[in-house]
Amino acid sequence: MASSLRHFAGLACFPAPASAGAGVSGATCLLRRYTPDFCAFAALRPIRPAAAFSAANPLASPAEHEQRQHRQQAVPCHDGDPSAPARSPSPSPPPPPPSPAPLRVGIIGFGNFGQFIAGGIQRQGHAVLAASRSDYSDYCAGRGIRFFTSVDALCEEQPDVLLICSSILSTEAVVRAIPFHKLRPDTIVADVLSVKQFPRNLLLEILPLGFGIVCTHPMFGPESGKNGWGKLPFVYDKVRVAEHGDQAIKCEQFLSIFEHEGCRMVEMSCAEHDRYAAGSQFVTHTIGRVLSQLNLKTTPINTKGYESLLQLTHNTVSDSFDLYYGLFMYNINATEQLDNLERAFERVRQMLYGRLHDLLRKQIVERVPVTTMSSGKLENSRSNSFATPLLSPIITEENKHVSSVTSVASPTNILQPTASSIRQ
């Protein structure tokens with residue numbers, strides 16, 4: 001065997017003696033150069049099934065079967081071999097987009113409603129900055145809210161959203177006093193007024209073009225929303241908001257505050273809102289104000305309906321009259337609703353008086369017989385709960401001394417006339 005290899009490779013395969021020349025020692029062995037790389041063909045070897053191996057080796061143990069399968073599956077190739085199969089790296093999932101930073105919401109007008117809205121903003125993890133004519137520094141210090149004594153100082157902090165929570169009557173003066181040059185040019189200005197066309201047109205008139213405008217109306221307040229905002233309607237209108245960029249992201253963050261609080265989000269135009277609000281909110285406040293003039297009191301026999309009226313009166317009177325006046329003055333549909341209420345009340349009154357007129361006319365014109373009784377019986381009938389006078393007796397100077405007077409019929413006599421009256 002050695003002679004055959006020596007014959008195949010030649011003398012240059014083997015190291016030359018030390019006495020040999022340098023050229024002989026640097027010769028390349030043909031056998032070593034052309035020896036096939038059996039590692040490259042390892043993947044091409046057929047893998048004999050385990051069943052065949054078991055049949056060929058019936059005396060092999062189960063451990064030997066597992067070792068045999070392991071050797072068949074493993075390919076003894078080095079990573080550096082060009083014949084090794086290329087391993088494509090598994091694509092890693094793209095990193096999630098970074099969540100936007102919490103908003104910094106500046107509230108102008110930090111009264112009862114402003115404080116109520118600030119609670120929901122903080123519950124959603126956003127920061128609140130507040131400015132108001134009254135001093136709420138102690139209130140804010142205990143709740144992690146930064147309070148500013150002036151709107152100028154608040155605007156120098158450049159909040160992401162400027163939320164106007166002033167009264168309807170003072171809104172125009174408040175908006176015109178805001179130093180917009182101290183804010184970022186993409187700041188979002190929003191309001192929570194109960195009317196919408198008025199603040200929309202006002203903000204479009206005063207705000208620089210780059211500012212975003214979102215008109216909103218939470219259809220609830222500190223009393224109706226004290227147990228949570230779930231399923232309570234929140235109306236909004238993106239009057240002027242960029243479709244892309246930071247302003248669009250901040251707008252969605254701001255609206256998501258109310259959405260995550262459970263509100264029923266309702267997007268509609270400001271004009272449509274005012275039409276609906278005049279027929280619901282303004283009418284509700286009007287009825288409550290009218291009932292308050294009756295000075296209604298609770299009774300030992302309150303019905304559920306009467307309890308609702310008492311609660312309605314309490315809720316509407318708890319709001320300031322300026323709010324009610326603002327609902328009337330700054331909603332172009334309120335006057336129409338007020339006229340409708342007046343006409344509706346007049347129709348109901350005519351229905352009542354019309355029924356009474358029919359009963360009286362039946363006695364006067366159709367001459368329905370009336371019962372004649374003595375004065376003694378008349379006195380007794382006055383104490384009777386069924387003797388309700390509908391027509392006062394007519395006593396002239398001539399018959400004022402007559403012992404008997406004509407009494408009016410009881411309701412049962414009017415509603416159930418005698419047979420003789422029916423014949424007439």
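Here's a quick rundown of the structure. (Residues numbered from 1 in each chain as written. Predicted model: local features only at pLDDT ≥ 70, side-chain atom pairs only at ≥ 80, totals over all residues. Heavy atoms only, no water.)

1. A word on the overall build of the chain
Then step 1. Along the chain, the regular secondary structure elements total 18 helices and 10 strands.
Then step 2. When the accessible surface of the chain is totalled, it reaches about 27,400 Å², and 57% of it is carbon and sulfur. (Helix = DSSP H or I, 4+ residues; strand = E, 2+ residues; numbered from the N terminus. Areas by Shrake-Rupley, 256 points an atom, 1.4 Å probe, with all protein chains shown as cover.)

2. Section: helix H13 (residues 304–318)
Then step 1. Here H13 is 15 residues long and its end C-alpha atoms lie 21 Å apart, about the 21 Å a rise of 1.5 Å per residue gives.
Then step 2. Of all the residues in H13, the buried ones are Leu-310, Thr-313 and Thr-316. With its buried residues spanning 140 degrees around the axis, H13 presents them on a single face. Those residues of H13 that are exposed and aimed more than 90 degrees away from the buried face are Lys-304 and Ser-318.
Then step 3. In this structure, the buried side of H13 is in contact with helix H12 (270–293). (Expected span 1.5 Å × (residues − 1). Buried < 20%, exposed > 50% of the residue type's maximum accessible area, 1.4 Å probe, protein only. Arc of directions from axis to C-beta. Contact = heavy atoms within 4.5 Å.)

3. Let's talk about the sheet that holds strand E6 (residues 212–218)
Then step 1. The strand order across the open sheet built from 8 strands is E3-E2-E1-E4-E5-E6-E7-E8, with neighbouring strands paired in mixed fashion. Each end of this open sheet is capped by a strand with a single partner; those strands are strand E3 (146–148) and strand E8 (264–267). Taken pair by pair, the neighbouring strands of this sheet meet at an average axis angle of 25 degrees, ignoring direction.
Then step 2. For strand E1 (residues 104–108) and strand E2 (residues 127–131), the ladder comprises 5 bridges, and the chain directions are parallel. Considered in E2, the bridge of Ile-108 is made with Ala-131. (Pairing = 2+ DSSP bridges. Axes fitted to C-alpha atoms, helices over the stretch in contact; angles between N-to-C directions.)

4. Details of the packing of H12 against helix H14 (residues 321–329)
Then step 1. Look at H12 against H14: their axes get within 10 Å of each other, and the N-to-C directions meet at 135 degrees. Taken together, the axis directions place H12 and H14 in an arrangement best described as oblique. Regarding H12 and H14, the two cross each other, and that crossing is left-handed. Along its contact with H12, which presents Gln-281, Phe-282, His-285, Thr-286 and Arg-289, the element H14 presents Phe-321, Leu-323, Tyr-324, Leu-327 and Phe-328.
Then step 2. Classifying every residue of the contact of H12 with H14 by side-chain character gives 6 nonpolar, 3 polar and 1 charged. (Parallel < 35°, antiparallel > 145°, perpendicular 65-115°, else oblique. Left-handed = near helix turned anticlockwise from the far one by under 90°. Nonpolar A, V, L, I, M, F, W, Y, C, P; charged D, E, K, R; others polar.)

5. As for the packing of aromatic side chains
Then step 1. Tallied over the full model, the rule gives 15 aromatic pairs.
Then step 2. Between the aromatic rings of Phe-234 and Phe-258, the centroid separation amounts to 4.0 Å while the plane-to-plane angle is 15 degrees, which identifies the pairing as stacked. Of the two residues, Phe-234 sits in strand E7 (residues 233–240) while Phe-258 sits in helix H11 (residues 246–260), which places them 24 residues apart along the sequence. Neither residue differs from the other here; Phe-234 and Phe-258 are each classed as buried.
Then step 3. The structure contains a cluster of three or more aromatic residues connected by ring pairs, namely Phe-113, Phe-116, Phe-220, Trp-229, Phe-234, Phe-254 and Phe-258.
Then step 4. When the ring centre of Trp-229 is taken as reference, the NZ or CZ atom of Arg-123 above it lies at 5.3 Å. (Phe/Tyr/Trp six-rings, centres within 6.5 Å; stacked < 30°, edge-to-face > 60°. Lys NZ or Arg CZ within 6 Å of the ring centre and 35° of its normal.)

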